[in-house]
Amino acid sequence: MIGVRLVQKISSAPAFAKVAPHVVPALDRAVHRLTRGKVLLSAQLLPGVVLTSTGARSGRPRRTPLACMPEEEGRGWILVGSNFGRPGHPAWTANLLAHPDAEISWKGADIPVTARLLEGEERAAVWKAALAFWPPYATYQARVERQIRLFRLTRREPAAAPAETPRSPASPPPTSG
């Protein structure tokens, strides 16, 4: 418990907000790649996912390691757009607003998800749970004028593979080579 409190204190420091966005995601991506999705370095303290979203402007896949708050035994996840308490919203939140269908790597499994921005009473209830889960979020919110975005990710069925084109009974079967 002392270790967690120390990390919470360090992660609340303004200096951490300047350095962490450049170091933590890079380390997470490298370890995640080397372990074929089985290990996420920052998840040793908080549960984490690697979010693959579609770039809001580029339309290209973007992979972002993120802390998450799992819900309902792995059937849903909350993502907190804290950006380590820095002024702007993190880019991945704009990506999810523009393209809510995404994918996460969770404990080594790739899971298709749909993201939904939380608002109103639902957001207030989840924010309260997020503060109990990781108290430094309160420090991050106090540092910025924007409201930190919260997203709920829910599983979706993967897109079905294109069906084979049916052959008419009179057409010959395909031949190989």
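A short tour of the structure in this document, coming up. Predicted model, so just to flag it, every value in this text is computed and none were measured. (Residues numbered from 1 in each chain as written. Predicted model: local features only at pLDDT ≥ 70, side-chain atom pairs only at ≥ 80, totals over all residues. Heavy atoms only, no water.)

### A closer look at the sheet that holds strand β1 (residues 48-54)
Consider a sheet: its strands pair through backbone hydrogen bonds, and that pairing is either parallel or antiparallel. Which entries qualify depends on this criterion: Pairing between two strands requires that DSSP report at least two bridges joining them. Comment: elements are numbered from the N terminus, with helices defined as DSSP H or I runs of at least four residues and strands as E runs of at least two. Convention adopted: a line fitted to C-alpha atoms gives each axis, helices being fitted over their contacting stretch, and angles between N-to-C directions are expressed from 0 to 180 degrees.
One open sheet holds the 7 strands; their spatial order is β2-β1-β5-β6-β7-β4-β3, and the pairing between them is antiparallel. Strands with a single pairing partner mark the edges of an open sheet, and in this sheet they are β2 (61-67) and β3 (69-71). Shown here is a sheet whose adjacent strand axes are inclined to one another by a mean of 30°, direction ignored.

### Notes on the nonpolar core
Inclusion rule: Put simply, buried Ala, Val, Leu, Ile, Met, Phe, Trp, Tyr and Cys residues joined by side-chain atoms within 4.5 Å make one nonpolar core. The classification of residues rests on relative accessible area computed with a 1.4 Å probe and restricted to protein chains. Under 20% of the type maximum is buried, over 50% is exposed, and intermediate values are partly exposed. In what follows, residue pairs with any heavy atoms lying within 4.5 Å of each other are defined as contacts.
Counting residues in each nonpolar core, the largest one holds 16 residues, and the members touching the most others are Val-49, Leu-51, Trp-77, Leu-79, Leu-96, Ile-104 and Leu-153. Every element with two or more residues in this core is listed here: β1, β4 (76-81), α3 (91-98), β5 (101-106), β6 (109-117) and β7 (149-155). Ignoring sequence-local partners within four residues, the contact set of Leu-79 consists of Val-49, Leu-51, Leu-66, Ala-67, Cys-68, Trp-92, Leu-96, Arg-149, Leu-150, Phe-151 and Leu-153. Counting residues in hydrophobic clusters, the runner-up holds 13 residues, among them Leu-46, Met-69, Tyr-140 and Leu-150.

### A look at the pairing of β1
The element β1 is extensively covered by neighbouring structure, given that 6 of its 7 residues are classed as buried. Note: β1 against β2, 7 bridges, orientation antiparallel. Each bridged residue has a counterpart across the sheet, and for Val-50 the counterpart in β2 is Pro-65. Linking two consecutive strands that pair antiparallel, namely β1 and β2, is a turn of 6 residues; a positive phi of about 75° is found at Gly-59 within it. The sheet contact formed by β1 and β5 spans 3 bridges and is antiparallel. When the bridges of β5 are listed, Leu-51 appears paired with Ile-104.

### With respect to helix α4 (residues 120-133)
The criterion, for reference: Given a helix with a known number of residues, its expected span is that number minus one, times 1.5 Å.
Compared with an ideal rise of 1.5 Å per residue, which puts 14 residues at 20 Å, α4 spans 20 Å between its outermost C-alpha atoms and is within 8% of the ideal. Buried residues along α4 sit against β3, β4, α5 (136-143) and β7.

### Overview of the packing of α4 against α5
Test applied: When describing relative orientation, an angle under 35 degrees is termed roughly parallel and one over 145 degrees roughly antiparallel, while 65 to 115 degrees is termed roughly perpendicular and anything else oblique. Residue polarity follows a fixed list, in which Ala, Val, Leu, Ile, Met, Phe, Trp, Tyr, Cys and Pro are nonpolar, Asp, Glu, Lys and Arg are charged, and the others, Gly among them, are polar.
One way to put it is that α4 packs onto α5 with a least axis distance of 7 Å and a crossing angle of 120°. When the interaxial angle is binned, α4 and α5 end up oblique. Between α4 and α5, the residues in contact are Arg-123, Trp-127, Ala-130 and Leu-131 and Tyr-137, Ala-138 and Gln-141, respectively. By residue class, the composition of the contact of α4 with α5 is 5 nonpolar, 1 polar and 1 charged.

### Some points on the packing of aromatic side chains
The relative placement of two aromatic rings is captured by the distance of their centres and the angle of their planes. Here is the rule we go by: Two rings from Phe, Tyr or Trp (for Trp, the six-membered ring) form a pair when their centres sit within 6.5 Å of each other. Planes less than 30 degrees apart are called stacked, planes more than 60 degrees apart edge-to-face, and all others tilted.
For the structure shown, the criterion picks out 4 aromatic pairs. Between the aromatic rings of Trp-77 and Trp-106, the centroid separation amounts to 5.8 Å while the plane-to-plane angle is 70°, which identifies the pairing as edge-to-face. Linking Trp-77 in strand β4 with Trp-106 in strand β5, this pair joins segments that are 29 residues apart in sequence. Note on accessibility: Trp-77 and Trp-106 belong to one class, buried. Where Tyr-137 meets Tyr-140, the ring centres are 6.1 Å apart and the plane angle is 70°; that geometry is what we call edge-to-face. Of this pair, Tyr-137 and Tyr-140 both sit in helix α5, 3 residues apart, which is roughly one turn of the helix. Here Tyr-137 matches Tyr-140 in class, with each residue buried. One aromatic cluster is present, formed by Trp-127, Tyr-137 and Tyr-140 through successive ring pairs.

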